[in-house]
Amino acid sequence: MNNRVLNLYDWFLIVGVIASNIIYSVMTGTLDVLGSVAGITGVLCVVLVAKGSIWNYIFGLVNVSLYAYISYKAALYGDAALNALYYVPMQFIGWWQWRKRGAAVSEAEADGNGVQVKARRFTWMQRALLAVGCIVAVISVGFVLKHFGDPQPFKDSTTTVLSIVAQALMALAFMEQWALWIITNVVSVVMWCICVTRGEAHAGVMVIMWVFYLLNSINGLRVWLKLSRE
């Protein structure tokens with residue numbers, strides 16, 4: 001299979017998030033351009049990550065910049081800081097690292113193995129240490145966010161800490177990133193659903209975005225299990 005070509009499931013995610021944003025706008029009688037652009041570029045980004053394509057970082061840069069602003073307006077300060085201070089520079093670091101690990105921007109640059117990044121995986125001992133470290137960090141950051149008045153401190157800390165670790169693993173092309181993305185996406189769906197009940201701006205389209213992120217992360221785990229074996 002040529003993994004540079006989007007398959008039916010990829011198109012389902014892309015068309016699905018666009019259609020969902022249109023339906024949401026019609027149902028609510030509002031046009032949330034900022035939230036919709038953030039959601040659509042985010043799904044395009046994660047679909048390309050799952051494919052092992054370096055072009056994910058272009059869409060990712062747009063997504064994380066907009067998401068930082070939206071999170072700040074919703075008083076999700078952990079997510080806002082995460083995107084503005086970490087995700088934005090990591091788009092450039094990730095592009096550089098993926099180029100080092102064989103991801104080409106065109107067929108002409110490919111070395112015969114295609115344009116995908118060369119994926120790798122942890123040992124079981126490394127996975128255990130990763131899990132313990134993440135749990136300790138989530139609890140610690142949760143108490144800090146609670147002290148500063150975050151309305152959802154431990155959910156916010158979960159998405160913040162796990163996203164930081166997952167983004168680093170993504171830049172270094174480790175398969176284990178997808179387990180962390182799945183947890184992050186589930187918690188984020190819950191967190192933004194709560195924001196919907198509070199009437200926060202852009203919250204509805206953020207729920208849509210995170211649901212499609214979750215669907216993609218499950219597929220990404222499947223694809224990268226294969227990539228890391230190769």
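Going along each chain's sequence as written, the residues are numbered from 1 onward. Only residues with pLDDT of at least 70 are given local features in this predicted model, and only at 80 or more are side-chain atom pairs given and counted; all residues enter the totals for whole chains, interfaces and linings. For the side-chain quantities, the full set of heavy atoms in the structure was used; hydrogens and water were omitted.

## What about the packing of helix α3 (residues 56-73) against helix α8 (residues 203-229)?
Definition in use: Only the stretch in contact is used when fitting a helix axis, every axis being a line fitted to C-alpha atoms; angles between N-to-C directions are given from 0 to 180 degrees. Each helix is a run of DSSP H or I of at least 4 residues and each strand a run of E of at least 2, with the numbering of both proceeding from the N terminus. Any angle that falls under 35 degrees is termed roughly parallel, while one over 145 is termed roughly antiparallel, one within 65 to 115 roughly perpendicular, and all others oblique. Crossing handedness: left-handed means the near helix sits turned counterclockwise from the far one by under a right angle, and right-handed means the same turn made clockwise. Any two residues having at least one pair of non-hydrogen atoms within 4.5 Å are treated as being in contact.
It is at 13 Å that the axes of α3 and α8 come closest, and there the two elements cross at 135°. The pairing of α3 with α8 is recorded here as oblique in orientation. Read as a crossing pair, α3 and α8 show a hand that is left-handed. Contacts between α3 and α8 pair Asn 63, Tyr 67 and Ile 70 from the former with Met 206, Met 209, Trp 210 and Tyr 213 from the latter.

## Remarks on the packing of helix α2 (residues 33-51) against α8
Put simply, the test is: Residue classes follow a fixed rule: Ala, Val, Leu, Ile, Met, Phe, Trp, Tyr, Cys and Pro count as nonpolar, while Asp, Glu, Lys and Arg count as charged, and any other residue, Gly among them, counts as polar.
One way to put it is that α2 packs onto α8 with a least axis distance of 9 Å and a crossing angle of 5°. When the axis of α2 is compared with that of α8, the two are roughly parallel. Judged by residue contacts, Gly 35, Ser 36, Ala 38, Gly 39, Gly 42, Val 43, Val 46, Val 47, Val 49 and Ala 50 of α2 engage Val 205, Met 206, Met 209, Phe 212, Tyr 213, Asn 216, Gly 220, Val 223 and Trp 224 from α8. Residues belonging to the contact of α2 with α8 are distributed by class as follows: 13 nonpolar, six polar and no charged.

## Some points on the environment of Ala 173
Heads up, the condition is: Relative accessibility under 20% of the residue-type maximum defines a buried residue, over 50% an exposed one, and the middle range a partly exposed one, all with a 1.4 Å probe and only protein chains included.
Locating Ala 173 in the fold gives a position in the loop between α6 (153-171) and α7 (177-197). Taking relative accessible area as the criterion, Ala 173 reaches 0% and is therefore assigned buried. Other than its neighbours up to four places away in sequence, Ala 173 contacts Trp 98, Arg 101, Val 117, Lys 118, Ala 119, Arg 120 and Trp 224.

## Digging into the packing of aromatic side chains
Going by this rule: Two rings from Phe, Tyr or Trp (for Trp, the six-membered ring) form a pair when their centres sit within 6.5 Å of each other. Planes less than 30 degrees apart are called stacked, planes more than 60 degrees apart edge-to-face, and all others tilted.
One pass over the full model with this rule turns up 13 aromatic pairs. Arranged with centres 5.9 Å apart and planes meeting at 40°, the rings of Tyr 9 and Phe 12 form a pair that is tilted. You can see Tyr 9 and its partner Phe 12 sitting in helix α1 (residues 8-28), three residues apart, about one turn around the helix. Here the aromatic rings of Phe 12 and Phe 212 are separated by 6.4 Å at their centres, their planes lie at 50°, and the arrangement is tilted. Here Phe 12, found in helix α1, pairs with Phe 212, found in helix α8; they are 200 residues apart in sequence, far enough to count as distant.

## Overview of the pattern of salt bridges
Quick note on the threshold: Here a salt bridge means any side-chain nitrogen of Lys or Arg lying within 4 Å of a carboxyl oxygen belonging to Asp or Glu.
Inspection of the entire model under this criterion finds two salt bridges. Of the charged contacts in the structure, one is a salt bridge between Lys 51 and Asp 10, with a shortest N-O distance of 3.3 Å. One end of the pair, Lys 51, is in helix α2; the other, Asp 10, is in helix α1, with 41 residues separating them in the sequence. Across the pair, Asp 10 and Lys 51 agree in class, each one buried. Across the salt bridge formed by Arg 127 and Glu 176, the nearest N and O atoms sit 2.8 Å from each other. Taken together, the residues span a long stretch of sequence, with Arg 127 in helix α5 (residues 124-147) and Glu 176 in the loop between α6 and α7 at a distance of 49 residues. Taking the relative accessible area as the measure of exposure, Arg 127 reaches 17% and is therefore buried.

## Notes on the side chain of Gln 177
By the secondary structure assignment, Gln 177 is in helix α7. Not counting chain neighbours up to four residues away, the residues in contact with Gln 177 comprise Val 49, Ala 166, Leu 169, Met 170 and Trp 224.

## Topic: helix α4 (residues 77-100)
This is how the line gets drawn: Take the number of residues in a helix, subtract one, and multiply by 1.5 Å to get its expected span. Consider a residue and the seven residues that end there alongside the seven that start there; fitting an axis to each set, the bend is the angle between those axes.
Over its 24 residues, α4 extends 33 Å from the first C-alpha to the last, a length consistent with the 34 Å expected when each residue adds 1.5 Å. Along α4, the sharpest change in direction is near 35° and occurs at Asn 83. Those residues of α4 that sit buried are Gly 78, Asp 79, Ala 80, Leu 82, Asn 83, Tyr 86, Tyr 87, Met 90, Gln 91, Gly 94, Gln 97 and Trp 98. Summarising the contacts, the buried residues of α4 are in contact with α2, α3, α5, α6, α7 and α8.

## Re α6
Taking 1.5 Å per residue, 19 residues should reach 27 Å; α6 reaches 27 Å between its end C-alpha atoms and fits that length. Summarising burial for α6: 14 of the 19 residues are buried, a large majority.

## As for the confidence of the model for the chain
Counted only if it meets this: Per-residue confidence from the prediction method is given by pLDDT, with values spanning 0 to 100.
Here the chain shows a mean pLDDT of 86. Residues at 70 or above account for 93%. The weakest mean pLDDT in the chain belongs to α1 at 87; the strongest belongs to α5 at 95.

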